[in-house]
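# Observations on chain architecture
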Amino acid sequence: MNKISKEQFTAVLLISDIFAMLCIKGSISAFTSVGFITGIIFSFALLIPFIRYCQKGGTFGKCGKFTAFLYLCYIIFSGSNIFSMIWNTSEVIYIPYENNGLYGKILISAVIAVSCIYISSCGIKALARSAVIAMSFGTLCIIIVTVSALMKSEWNNFALAENSGNLYADFIKGCAWSCNIGVLMVFSESLQDDITDSLFFYFTFKVLLFTVILLVTVLVSGGIMKVTDFPVVTSAQISQPFSVQRIDSLFLIVFSVFAVFSVAVQTSSAINILKEIFPNFVKFRNSAVLAVMILTALVPFDDTFRFSANVIFMFTAPVVYFLKNKNPLTVRG
Amino acid sequence: MDNYIKILPELNESISKIKEISGNSSDVLINRFLAGGIECALICCEGMFSSQTMGKLVFDPVTKIPVQKNSYELFRYIQKNTLFSADRPAVSDYNTLFRLINSGFAVIIADGINSALAFGIQGYAVRSVQEPSGEGNIMGSHEGFTETVRTNMSLIRRRIKSPDLVMKLIVKGTKSHTDICICYMKDRVPPQLLEDIEKSLDNIKLESILSTGYIRPFLEKKHFEFFNSTGTTERPDVLCAKLIEGRIAILIDGVPFAVTVPKLLCESFQTLDDYAVKPYYAVFVRWLKYLAFITAVFLPAVYIAIIMYHPELLNSTLLILLAEAEKDAPLSVVTEALFVLIMYEIIREAGVRIPKPTGGAVSIISGLIIGDAAVKSGLVSTPLLTIMVLAVLGGLAVPDLNPQITVLRFLFLISGAVFGLFGISVFACAVLVNVCATETYGFPYTAPVSPFKMKGLEDTVFRINIPEMQNRGFTVEEYHE
């Protein structure tokens, strides 16, 4: 039985969410927080028909090829965003060969991709079990960074943290991190616990962790937000707990582990959908998904475009799902 | 399938058949005699039975049997009025006859009857019960399993006298006819697990079973698992503890180890001594072993990664010290590390395989001459050697995982040398998923950590008091998914 618990479901989703947060580029402002809260409220509202559908025994699986294809595009696009984030953030986190331009990018992606090909071949259950351990490790690291950051934080940084000047970009950024509905709906198919309970558990943890990370980032880097490219990374660097030993390496480990799991989660979801659309395409399925993700990531979209596209996918995918399944509240055989 | 021929009723023909099947083997002994006025033959295998028992339990009573009408009456008389031995299986074909005589039984065939009588009078040379060589223990029993399955069964029975302990004997190996004993507590074992294991054992069609490694692949999943999802032990007390927790044990004749199913990762860090000392000390030792495992696998890789890619992690004193030490080394730090680890593995393997009398000489050569000379000649730096020795010692603290630690140490070292901490982290993710994918018959190897079971942490992260444990009523079924 390939079923996962609500804790595993939460860990799988949170890992991608937190990784996206670690890689935030540009300033974090009040508008970012508003965007984040709006995103959560909207995505939850859009998920209500799906939740009711699942409660009546329905699953994501039988949604038709068109809807499945839309979700596949959404998830592959999210995966490409993760690769793009890895490349961007590796500028401030030292990864060997990262400085070698396109060759460096491809090499880093290849290492992650090889690992993800193996991880996704082990199945959702193994991924979910390991995600819990990785998430626990990540949470422990976040607690260490938070404690050390709080000791170095200054409350007046709240006032110093200003908007970037582009309110739309700040809002959309917050919205884009709020929920990855595509992965959520795919993984909900494997849930053994009640979907409402599971979503409540997931969103509660997510809000809690995001609040802590946002708070610490603003408290530590609020004053230098405008000159900081990666505020979360900078706040981790500034708030190192040791006098000599650098926390960057701890952060690099968390970054790498979360990067691998984020890509693996997207890959596993995409593979699950691909099985529905092309059941005969078995060989090289994992490699094909990852190759498309990396190639999409190489397209030079700017960040605002990426976030906007992500938000459009996020809001339209559940609507299309609802419309294509004319009456999703009635379970189809 | 010739051996499945029924026992022939005519004695001379039967003896000829036995000689034909055995190829006139010199160790098959056939003694003709008269019992109750009927011509009989006693078949046994040289060296497999006790001559003293044979004399007392078989020959003495046989000579005193009064005259009988026919062979059927004779066998009925023997069955009713004599007690040759407690173990008296029925024999109706030559296959069973040979299996029994080769297991130390004496078989009587008589003229005019198409069956035979067998008597367990085993008396072959066996190694006595000795202290286990691989699983050290201070406070517990010093008895270990031997090569004889029946002795091993008795070692378990002596510790668990409950009638709930079931021991089922089956025979496997088309040529070796090895006795295999399936042990379990019938009130504790998950019924589905028992059924699944019996089905898996049914799939064994091997010619011989000479070690636990022959049957373990049949009990484990087919896809690649780095860690073993079945365990082994050479201690009857450890096995009893596992049986009481609802696990199933498989004993193999000729092998002084028992296979246990299911196996969890946390078991590799538990010893019986943990339950003989105060909980705080047991917890300390257990965490020391977790640390030793992490050190054994990651320390060389992290050291290389830091030296090569992340020197900012070190404080200035340590950095200068390491730089000074590595300055004069003729080889790169990765080559040095690989050299030291490969040297250690060669010495270890040689230590295991060489004859005992030469062991001392090898220790001196490897430890003093090679080790000392390598450092003095500047071939290997002292800090690197210290790190490698620490890693090797860490691995020895968890002997159960030694094969995995050895290979992982090399793989992590290479990933650390090529990609630094990033490489180590990415490879660690793949290994973590592999460990989490490991399971046997629905029992996840990583339980109770993931899937998380709060109750299970009482004897993994902590070690609660024994009086609290008695109310725990734990069985391994709680981990089933």
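Not measured: the values here are computed from a predicted model.

### Describing the overall build of chain A
- Secondary structure summary: chain A contains 13 helices and zero strands in total.
- The order of α-helices and β-strands along chain A, N terminus first, is α-α-α-α-α-α-α-α-α-α-α-α-α.
- Relative to its 333 residues, chain A shows a buried fraction of 52%.

### Describing the overall build of chain B
- Within chain B, the regular secondary structure consists of 15 helices and twelve strands.
- For chain B, the C-alpha atoms occupy an extent of roughly 100 × 55 × 40 Å along the three principal directions.
- When burial is assessed residue by residue, chain B has 37% of its 481 residues classed as buried.
- Counting contacts in chain B only where the partners sit at least 6 residues apart, residues at least 24 apart contribute 69% of the total.

### A few points about the domain arrangement of chain B
Residue and element names in this part refer to chain B.
- Once the domains are mapped, chain B shows domain 1 (2–120), domain 2 (149–274) and domain 3 (276–437).
- Taking the mean C-alpha position of each, domain 2 and domain 3 sit 33 Å from one another.
- With nine residues of domain 2 at the interface, the matching set in domain 3 holds 14 residues.
- Across the side of domain 2 that touches domain 3, the residue classes tally to five nonpolar, one polar and three charged.

### Here's the deal with the sheet that holds strand 10 (residues 258–261) of chain B
Residue and element names in this part refer to chain B.
- The antiparallel open sheet is built from five strands, whose spatial order is 6-7-9-10-8. Every other strand in the sheet has two partners, leaving strand 6 (165–172) and strand 8 (231–233) as the edge strands with one partner each. Geometrically, the sheet is characterised by an average inter-axis angle of 25° between neighbouring strands, direction not taken into account.
- Strand direction decides the pairing type here: strand 6 and strand 7 (residues 178–185), joined by eight bridges, are antiparallel. Across the sheet, the residue bridging to Lys172 is Thr178, located in strand 7.
- Packing of helix 6 (residues 191–202) onto the sheet brings it into contact with strand 6, strand 7, strand 9 (248–252) and strand 10, and relative to strand 9 it is tilted by some 30°.
- Relative to the sheet, helix 7 (residues 212–219) contacts strand 8, strand 9 and strand 10, its axis offset from that of strand 10 by approximately 15°.

### As for the environment of B:Gly36
All names here are of chain B.
- Tracing the sequence through the fold places Gly36 in the loop between strand 1 (28–35) and strand 2 (38–45).
- Along the chain, Gly36 and Ile414 lie 378 residues apart, while their C-alpha atoms are 79 Å from each other.
- Gly36 has contacts with Ile65, Pro66, Val67, Gln68, Leu74 and Tyr77, leaving out every residue within four places of it along the chain.

### Comments concerning the pairing of strand 5 (residues 116–120) of chain B
Residues and elements named next belong to chain B.
- Taken across its five residues, strand 5 has four buried, putting it largely inside the fold.
- Sheet analysis places strand 3 (residues 90–91) next to strand 5, joined by two bridges and oriented antiparallel. Bridge pairing in strand 5 links Val91 to Ala116.
- Bridging between strand 4 (residues 105–110) and strand 5 involves five bridges; their strand directions are antiparallel. Paired with Ala106 across the strands is Phe119, a residue of strand 5.

### Points about the interface of chain B and chain A
- Taken together, the contact pairs 25 residues of chain B with 29 residues of chain A.
- Residue contributions to the side of chain B that touches chain A peak at 14 residues, all from helix 14 (residues 402–437) of chain B.
- Broken down by class, the residue content of the side of chain B that touches chain A amounts to 16 nonpolar, eight polar and one charged.

### So, the packing of helix 9 (residues 279–308) of chain B against helix 13 (residues 382–396) of chain B
Residue and element names in this part refer to chain B.
- Where helix 9 contacts helix 13, the axes come no closer than 7 Å and their chain directions differ by 155°. With respect to helix 13, the element helix 9 is oriented roughly antiparallel. Where helix 9 crosses over helix 13, the handedness of that crossing is left-handed. For the pair helix 9 and helix 13, contact is made by Ala292, Phe293, Thr295, Ala296, Leu299, Pro300 and Tyr303 and by Ile387, Met388, Leu390, Ala391, Gly394 and Gly395, respectively.
- Within the contact of helix 9 with helix 13, the residues separate by chemical class into ten nonpolar, three polar and no charged.

### Overview of the nonpolar core
- A:Ile15 and A:Leu127 are the most contacted members of the largest nonpolar core, which totals 187 residues.
- At 19 residues, the largest contribution of residues to this core is made by helix 14 of chain B.
- Structurally, this core is a two-domain feature, drawing no fewer than three residues from each of domain 2 (149–274) and domain 3 (276–437) of chain B.

### Some points on the sheet that holds strand 2 of chain B
Residues and elements named next belong to chain B.
- Across the sheet, which stays open at both edges, the five strands sit in the order 1-2-4-5-3 with antiparallel pairing between neighbours. Every other strand in the sheet has two partners, leaving strand 1 and strand 3 as the edge strands with one partner each.
- Helix-sheet contacts for helix 4 (residues 94–101) involve strand 2, strand 3, strand 4 and strand 5, and the interaxial angle to strand 4 is about 145°.

Conventions used here
Residues numbered from 1 in each chain as written. Chains lettered and ligands numbered in written order. Predicted model: local features only at pLDDT ≥ 70, side-chain atom pairs only at ≥ 80, totals over all residues. Helix = DSSP H or I, 4+ residues; strand = E, 2+ residues; numbered from the N terminus. Buried ≥ 20, exposed ≤ 12 C-beta atoms within 10 Å, placed from the backbone. Contact = placed C-beta atoms within 7 Å. Domains from an automatic or database assignment. Nonpolar A, V, L, I, M, F, W, Y, C, P; charged D, E, K, R; others polar. Pairing = 2+ DSSP bridges. Axes fitted to C-alpha atoms, helices over the stretch in contact; angles between N-to-C directions. Parallel < 35°, antiparallel > 145°, perpendicular 65-115°, else oblique. Left-handed = near helix turned anticlockwise from the far one by under 90°. Core = buried A, V, L, I, M, F, W, Y, C linked by C-beta atoms within 7 Å.

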